[in-house]
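Structural description and commentary
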Amino acid sequence: MSVWKKLLWFAVSGLGVWAIVILALSRGEQISALWIIVAGLCALCISYRFYSSWLATKVLVLNVLVLNDERATPAILQNDSKDYVPTNRWMVFGHHFAAIAGPGPLVGPVLAAQFGFLPGTLWILIGATLGGGVHDMIVLFASIRRRGKTLGQMVKEEIGRGVGALALISVLAIMIILLAVLALVVVQALAQSPWGVFTIAMTIPVALIMGIGLRTGKVSVMAVTIFGLLGLAFGVWGGQFLAHFPAIETWFRHDQKWLAWAIMIYGLAASILPVWMLLTPRDYLSTFLKLGTVAMLAAAVLLINPTLQMPAITKFIDGSGLVFAGPVFPFVCITIACGAVSGFHSLIASGTTPKMVRRESRIRSIGYGAMVTEMMVALMAMIAACVLQPGEYFAINSKGTPAEVVERVTASGFPVTEQQMTRLAADLGESTMFSRAGGAPTFAVGMAHMFARISAKPTALALWYHFAIMFEALFILTTIDAGTRVGRFLLQDFLGNLWRPLGNTRSWSANLFSSVLLVAAWGWFLYVGVIDPLGGINSLWPLFGLANQLLSVIALCLGTTILIKMHKAKYLFVTVLPLCFMCAVTFSAGYLKVFSPDPKLGFLSGAQSLLREAARIADPAKAADLARQASVWQFDALVAVFFLGLVFLIVLGSARQWWQLLRGTRRVALHESEFVRISAT
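Residues numbered from 1 in each chain as written. Predicted model: local features only at pLDDT ≥ 70, side-chain atom pairs only at ≥ 80, totals over all residues. Heavy atoms only, no water.

A cluster of nonpolar side chains, F234, W237, F241, F245, I248 and W251, forms an exposed patch at the surface whose accessible area comes to about 670 Å². For the nonpolar patch, the elements supplying multiple residues, two or more each, are helix 10 (221–238) and helix 11 (246–252). (Patch = residues over 30% accessible without salt bridge, like charges linked within 9 Å, V, L, I, M, F, W, Y side chains within 5 Å. Areas by Shrake-Rupley, 256 points an atom, 1.4 Å probe, with all protein chains shown as cover. Salt bridge = Lys/Arg side-chain N within 4 Å of Asp/Glu carboxyl O. Helix = DSSP H or I, 4+ residues; strand = E, 2+ residues; numbered from the N terminus.)

Written out as structure tokens, the structure reads:
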């Protein structure tokens, strides 16, 4: 490296450190949101250029070979034109990024903004570069070297059959909950929203045409991309005019029940159809909208230079938050999963993506590159939440009647009035913005505020708000389709142990049976959540982040085992340090969620509080509702203990394996696909 390049990288590092220092030391004064952008871009450049390169050349090395293009990947060796399909590098990147970037990088930072902008920003920067990128890259590397095997299969083969069986059960159970929660978020966002439904519906035929065009070999990737972008632009732009055609608008205006069934059918199709036909081109197409919107958001920040209205640290770090209960540690790490460290990524990195990668040299750009790109999305979401007036932010995300919310938020030191919230709702084209919890509406409001400041039109705020809601739904839906396909792989791994033909991924009948079974599982929870707001999947929302992070613990256990078997014990810190941290996060958060005496935080204490309240109410119907909600919280506690127990046993089993390997009392059995050099054909 030349002297000038060294000076350039030192300057980038210094600028990033300076941006973080300004963000960390701000107390009371107004800080520009540009400093978060600067810190993120510098962290992205430094970590990708140096740390991911070091991981690829020093850590993920076997004998003399590094990541190279002379090894045939599973996509080439097992090409079946259905699941294993060699795919263009940019389409694979688009699919992978679209699949991993679900609600986490949008919703998580918005909710965590109640602690202030500093805790979430630091966790995103540190977690993504030192934890999430390592987690994703090593799992993708391991799966490609093992012929595209899933996380559960690799745990069984590398750590042990007993631990592998526990991993398969826990991963499947967690997967069902994650998919149901994601689907419910999409249903709620699209209900009675013709524009959003129209845009998402348009991406399906456009993606089918793109997939078929590429498959013929007569159409270039550039031509297909241009066609897809034009179709996507028409879907986004044309949806706003449906109101002028009531007869057509009714085709796209549906309630939550109809949308729930539609999403189930779509998930089934995405799981069964060849990956080149629908899943890959649609996710690739969605990535343009995602990255394009995030780039526009970054440009808006550069143009208007908004100030961060939220303090760096609020008093809610003690756990008394208005948005959700729980102290800043560990709940900032649970709330922000995607965008920092997310176990769901390991399912994609060992599911659909390794079956499409043509060359091993793409592991770095896809595994690590997509993660740090998602980091920037999470930082944009943090900015969108923190440029709002804090009183409006807390009023949007707090539950209760308008009068109760205004009194509680104002008493907490963040003044807001009912008139102020009424004016905000009118500007956004909504009836009310009180009690719009969940994070998605808040992100949409912040995004709309920044975009609307660039335009002079009086209707710009409402237009951008509804665009942001549609954008979020599209963002999350691309995780559901890839997640359902990965869940089918996991389910076939499990069913194959019971009856071998069911584990054959080349069999259409086995694929159909497994897909129907999986969609029925998460679809049942989804439908219960739609028809019963007090129960079903809504009750499992607090477990979403916990379950997701428990998956990262399993994946990091696998990564540590593989490094030991590769005789890379001196580099174990790259997986062991994130593993120890995530164990501390997940188990402490799980303990608090189950056993905390605070009824706002602990499931058991919350259930007891509801039962005591039900006993004092004379109205039998209200008492029954409270009793039912108490039983739901008790069920939540049982599910949390079940997940925590399974993952604890997996960690113990992995630690036992590490001890035996490091002491040399257990023979290291490397798979042929790890060390045999195969020339790509």
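Here the narrative resumes.
Our focus in this paragraph is the packing of helix 6 (residues 117–145) against helix 24 (residues 573–595). Contact geometry of helix 6 with helix 24 gives a least axis separation of 10 Å together with a crossing angle of 120 degrees. Comparing the axis directions of helix 6 and helix 24 gives the class oblique. The two elements helix 6 and helix 24 cross, and the hand of that crossing is left-handed. Note on element contacts: helix 24 touches helix 6 through V574, T575, P578, F581 and M582, opposite W123, L130, G131, V134 and I138. Per-class residue counts for the contact of helix 6 with helix 24 are eight nonpolar, two polar and no charged. (Axes fitted to C-alpha atoms, helices over the stretch in contact; angles between N-to-C directions. Parallel < 35°, antiparallel > 145°, perpendicular 65-115°, else oblique. Left-handed = near helix turned anticlockwise from the far one by under 90°. Contact = heavy atoms within 4.5 Å. Nonpolar A, V, L, I, M, F, W, Y, C, P; charged D, E, K, R; others polar.)

Following the criterion strictly, the structure yields zero disulfides and no others. Cysteine C45 remains unbridged, with the sulfur of C42 as its closest cysteine sulfur at 6.7 Å. The thiol of C557 is unpaired, and the distance to the nearest cysteine sulfur, on C583, comes to 6.0 Å. (Disulfide = S-S within 2.5 Å.)

The subject of this paragraph is empty space enclosed by the protein. The full count for this structure, using the stated rule, is four cavities of 30 Å³ or more. When its volume is computed, the second largest cavity comes out at roughly 60 Å³. Every residue along the wall of the second largest cavity is listed here: I100, G102, P103, G104, L178, L182, C338, F344, T479, F544 and N548. Broken down by secondary-structure element, the contributors of at least two residues to the lining of the second largest cavity are helix 8 (161–190) and helix 23 (541–565). (1 Å grid on protein atoms, 1.4 Å probe; cavity = no way out; pocket = protein on both sides within 12 Å on 5 of 7 lines; lining within 4 Å. Points joined across faces, edges and corners; volume = space filled by probe spheres on them.)

For the bond running from F329 to P330, omega is 15 degrees, close enough to zero to count as cis. Structurally, the position occupied by P330 is in helix 14 (residues 328–335). A positive phi is found at S81, a non-glycine position, where the angle reads about 60 degrees. Note on placement: S81 falls in the loop between helix 3 (74–77) and helix 4 (89–100). The exposure class of S81 is partly exposed, given its relative accessible area of 31%. (Buried < 20%, exposed > 50% of the residue type's maximum accessible area, 1.4 Å probe, protein only.)

Turning next to helix 20 (residues 440–452). Over its 13 residues, helix 20 runs 18 Å from end to end, which matches the ideal 18 Å to within 8%, given 1.5 Å per residue. The buried count for helix 20 comes to 12 of 13 residues, which makes it a mostly enclosed element. For helix 20, every residue scored as buried is listed here: A440, P441, T442, F443, A444, V445, G446, M447, A448, M450, F451 and A452. (Expected span 1.5 Å × (residues − 1).)

We now examine the layout of surface pockets. One water molecule sets the probe size; rolling that probe over the atoms shows where empty space is left. Taken as a whole, the second largest pocket encloses approximately 480 Å³ of empty space. Lining of the second largest pocket is provided by 20 residues; of these, Q153, Q492, D493, G503 and T505 occupy positions nearest its centre. Within the residue set of the lining of the second largest pocket, elements represented by two or more residues are helix 7 (151–158) and helix 21 (460–498). Per-element accounting of the lining of the second largest pocket gives the leading share, five residues, to helix 21. Broken down by class, the residue content of the lining of the second largest pocket amounts to two nonpolar, 10 polar and eight charged.

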